[in-house]
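Observations on the model geometry
As a plain string of letters, each chain reads:
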Amino acid sequence: MPMHIGEKDFRKRVSKGISDDYMRGAVRSAQERLQNRRAAAAEELGDWEEWRTLGQQIRSHTIEHLDYYLHQLSDKVAELGGHVFFAETGEEANEYIKQVIQKKNAKKIAKSKSMVTEEISMNAALEEIGCEVIETDLGEYILQIDDHDPPSHIVAPALHKNKEQIRDVFKERLNYKKTEHPEELALFAREKLREEFLAADVGITGCNFAVAESGSFALVTNEGNARMVTALPNTQITVMGMERIVPGWEELDIVVSLLTRAAVGQKLTSYITALTGPKQAEEADGPEEFHLVIVDNGRSKILGTEFQEALHCIRCAACINVCPVYRHVGGHAYGSIYPGPIGAVLSPLLSDYDEYKELPYASSLCGACTEVCPVKIPLHEQLIMHRRKIVEDEKKSTLAERVAMRGFEQIVHSANLYRTATKMAPFLTTPFAKNNRITKGPGPLRNWTDIRDLPQPANERFRDWFKKRNKQGGAI
Amino acid sequence: MKGSIMNRDRFLTNIRTKIGGLTASQPVEKPVWTVSPQKKVLKDYTPDQLVEVLEEQCQHIHTDFFRTSSNSLEKTLDEVLNHYGAKSVIYSNDERFVSYQLNPYFESSLSTGREIYRWNEKDKETSISFAEKADVGLTFSDMTLAESGTIVLFNKKGQGRSVSLLPRDYIAIVPKSTIVPRMTQATSYVQEMVDNGEDIASCINFITGPSNSADIEMKLVVGVHGPIRAAYIIVDDK
């Protein structure tokens, strides 16, 4: 699955989201649960702001010295007997992973959840060479079984589906015979996937955080599938976005604690698994061969720009869980595997404005995202910076908007024109108004009036009213 | 055997140009962070207070909590295994099972029809296939985090990764002295080993209760791929 998902046209995606009542209900209740759990977990610490400050300091320092820490990480991994491949593009990463798999003559690949492998369409690349890639995270498994339905949330990928829909998918595809109770559905997946874990030739994981000083990397999970994937197959491949790294273990403590609290309100998730190199002598389980693939795929374009802080993201989805826009349109409307506020910031950077120029506008700029971000990324400010770039540098606003803005500029530059225009406004809008409200606006006004009424401009201008009031001796 | 590094120079040069950074050959000084909230958590708690925090946290992580003395450990373990209906048990190859004198118990269990197997790092196939079918996986905790209710396992040699993962239920024996306030103490311990150039375990697991998922309608299901139930037995030290 590439980064881009669904319909090409942004408005069509949004309309689809808005008219999907079930999805909207599911998103609402999920957002509420996750928001409350996050808030309780932050509250409980008592000094959450200090934790955020520390998180921010660690992430800024690491990204400012990313070259150094990646160098150190790769040295350590190689020292431990692992292989490190630096991939500038998704294609390079996929080529390398394919080579490793072909050399092993492997057919069955068990995979734990990883956004970066989605971003580079790794599954499709491996399926092309005849491999079977099995998603083992419960949410990802559900989506894979359902004809590769795209994820709509970075932590809970199947958030947009209800349990009845999941039951039907299992029934149709896997001959499932039980009810829609989540316990029964999960138990069924447990039994199905057990066989796959035991039979897999290669395990592929993502990476929550690499630790440069020891050549380790940590997986933050709840289900236990990532542990299976790293304990049972003989070969393990870990794919990491190049920014997912911290200097040492003391920093790992902080980012993990921030992640689990901000993402799901847990003090720690069920499993934090820190892996260091392939298995050592005198160990029975664990991989004999370990490959680490470090992926750029557009990330370095962000370095040294006003958007560098976007690379501080630890993928907790707290911003998604509080976003009022996400709440209404759902994850698929963003057209990117990275939805919500962080998706609106990152997607145009990793891809380009041609594909994602609407996303920075899919925000009310309320700033709730910035407030909850555990590493203090100024998300809504970054959205404004995107808007500025789109309009001023890239000239990518629509023709109608450019004409309107040019017109507005001329009108407000001249006192006479301004006076005439504001005097004319009530008369010009009268044909469209009913009871002083415009319900079906012409041209560009329609986008507004499709959703809500626009009050008709009053007959008397504020400036005139004010002058009159002064003359009549009204108090200010 | 040393592994390989591919494409590094081009990749890192590009990054360096973009951030206008240092050269990777010069060591970067890690700054002193201006705040350290992690060090204040449960600071100055006595071992008994930490046990209380742990007990309370177990309720939030769907984990059964038991407390016993080293003399009664055998009895408590037997009760918990019966409670879980354990017909087969796999335990890690850890000398603490000897020092806490559990071996005679394991031997006598065999006569009661309970299958007991010690993880054998020299026999991957048998060990994994036993673990996969076992009702209970049993380990000692290497470090225990009171705040989150977490068992830390340094999985190496006889401490197979699968013992705490593949069986239906997981039981951890927690010597009271292994309990520390939070993750900070565990990561500092590892950092010290790293600083001293010592090998750290190839797999360090932080285990907090049974496996779970909220992927279906955000409703919590306890027991997904890893163990379905978990119990901690806190034992006063030998």
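Residues numbered from 1 in each chain as written. Chains lettered and ligands numbered in written order. Predicted model: local features only at pLDDT ≥ 70, side-chain atom pairs only at ≥ 80, totals over all residues.

With that settled, consider the overall build of chain A. The helix and strand inventory of chain A stands at 22 helices and 13 strands. C-alpha atoms of chain A, sized along the principal axes, occupy 95 × 55 × 45 Å. Buried positions account for 52% of the 476 residues belonging to chain A. For chain A, the share of sequence-separated contacts (at least 6 apart) that also reach a separation of at least 24 residues comes to 73%. (Helix = DSSP H or I, 4+ residues; strand = E, 2+ residues; numbered from the N terminus. Buried ≥ 20, exposed ≤ 12 C-beta atoms within 10 Å, placed from the backbone. Contact = placed C-beta atoms within 7 Å.)

What follows deals with the environment of Tyr22 of chain A. The residue Tyr22 of chain A is located in helix H2 (residues 21–45) in this model. Residues Tyr22 of chain A and Ile145 of chain A, spaced 123 residues apart in sequence, show a C-alpha to C-alpha distance of 20 Å.

Okay, the domain arrangement of chain A next. In terms of domains, chain A is made up of domain 1 (70–301) and domain 2 (417–471). If you average the C-alpha positions of domain 1 of chain A and of domain 2 of chain A, the two centres end up 57 Å apart. (Domains from an automatic or database assignment.)

Looking now at the sheet that holds strand E7 (residues 235–241) of chain A. Read across the sheet, seven strands follow the order E3(A)-E2(A)-E4(A)-E7(A)-E10(A)-E1(A)-E1(B) without closing on themselves; strand pairing throughout is parallel. Single-partner strands in this sheet number two, and they are strand E3 (132–135) of chain A together with strand E1 (5–6) of chain B. Inspection of the sheet shows strand E2 (residues 108–111) of chain A paired to E3 of chain A by four bridges, in the parallel sense. Paired with Lys108 of chain A across the two strands is Glu132 of chain A, which belongs to E3 of chain A. Sitting on the sheet, helix H4 (residues 66–79) of chain A is in contact with strand E1 (83–87) and strand E10 (289–295) of chain A together with E1 of chain B, with an inclination near 150° to E1 of chain A. (Pairing = 2+ DSSP bridges. Axes fitted to C-alpha atoms, helices over the stretch in contact; angles between N-to-C directions.)

Further remarks concern the UniProt feature "binding site: [4Fe-4S] cluster 2" (unreviewed entry) in chain A. Residue and element names in this part refer to chain A. The feature "binding site: [4Fe-4S] cluster 2" (unreviewed entry), as annotated in UniProt, sits at Cys323, Cys366 and Cys369 in this numbering. Of the residues just listed, which span 47 residues, no C-alpha pair is farther apart than 8.7 Å, and they cluster in one region. One can find Cys323 in the loop between helix H13 (318–322) and helix H14 (324–329). Not counting the four nearest positions on each side in its chain, Cys323 is found in contact with Gly340, Pro341, Ala368 and Cys369. Relative to the assigned elements, Cys366 resides in the loop between helix H16 (353–356) and helix H17 (368–372). Judged by the 14 C-beta atoms lying within 10 Å of it, Cys366 falls in the partly exposed class. (UniProt positions renumbered as here; feature names shortened; annotations may be inferred.)

In this section: the interface of chain A and chain B. Quite often, the size of an interface is put as the accessible area lost when its parts meet. Contacts between the two partners involve 84 residues from chain A, matched on the other side by 70 residues from chain B. The dominant element in the side of chain A that touches chain B, judged by the number of residues it contributes, is H4 of chain A, at nine residues. Strand direction decides the pairing type here: E1 of chain A and E1 of chain B, joined by two bridges, are parallel. Pairing of Phe85 of chain A across the sheet is with Met6 of chain B, part of E1 of chain B.

All names here are of chain A. When the UniProt feature table is mapped to this numbering, "binding site: [4Fe-4S] cluster 1" (unreviewed entry) covers Cys313, Cys316, Cys319 and Cys373. Across 61 residues, the annotated set stays spatially compact, with a maximum C-alpha separation of 10.5 Å. Turning to its location among the elements, Cys319 is positioned in helix H13. When residues no more than four places from it in sequence are discounted, the contact partners of Cys319 are Gly340, Pro341, Ile342, Cys369, Val372, Cys373 and Leu379. Along the polypeptide, Cys373 turns up in the loop between H17 and helix H18 (379–393).

All names here are of chain A. Where helix H15 (residues 340–350) contacts H18, the axes come no closer than 9 Å and their chain directions differ by 40°. Judged by the inter-axis angle, H15 sits oblique to H18. Our pair here, H15 against H18, has a crossing hand that is left-handed. Together, Pro341, Ile342, Ala344, Val345 and Pro348 of H15 and Leu379, Gln382, Leu383 and His386 of H18 make up the contact between the two elements. Broken down by class, the residue content of the contact of H15 with H18 amounts to seven nonpolar, two polar and no charged. (Parallel < 35°, antiparallel > 145°, perpendicular 65-115°, else oblique. Left-handed = near helix turned anticlockwise from the far one by under 90°. Nonpolar A, V, L, I, M, F, W, Y, C, P; charged D, E, K, R; others polar.)

Let us now look at the nonpolar core. Counting residues in hydrophobic clusters, the biggest one holds 197 residues, and the most contacted among them are Phe209, Val293 and Cys319 of chain A together with Ile233 of chain B. Here this core gets 10 residues from one element, more than from any other, and that element is helix H12 (residues 249–264) of chain A. If sequence neighbours within four positions are ignored, Phe209 of chain A has contacts with Phe217, Ala218, Arg244, Ile245, Val246, Leu252, Val255 and Val256 of chain A. (Core = buried A, V, L, I, M, F, W, Y, C linked by C-beta atoms within 7 Å.)

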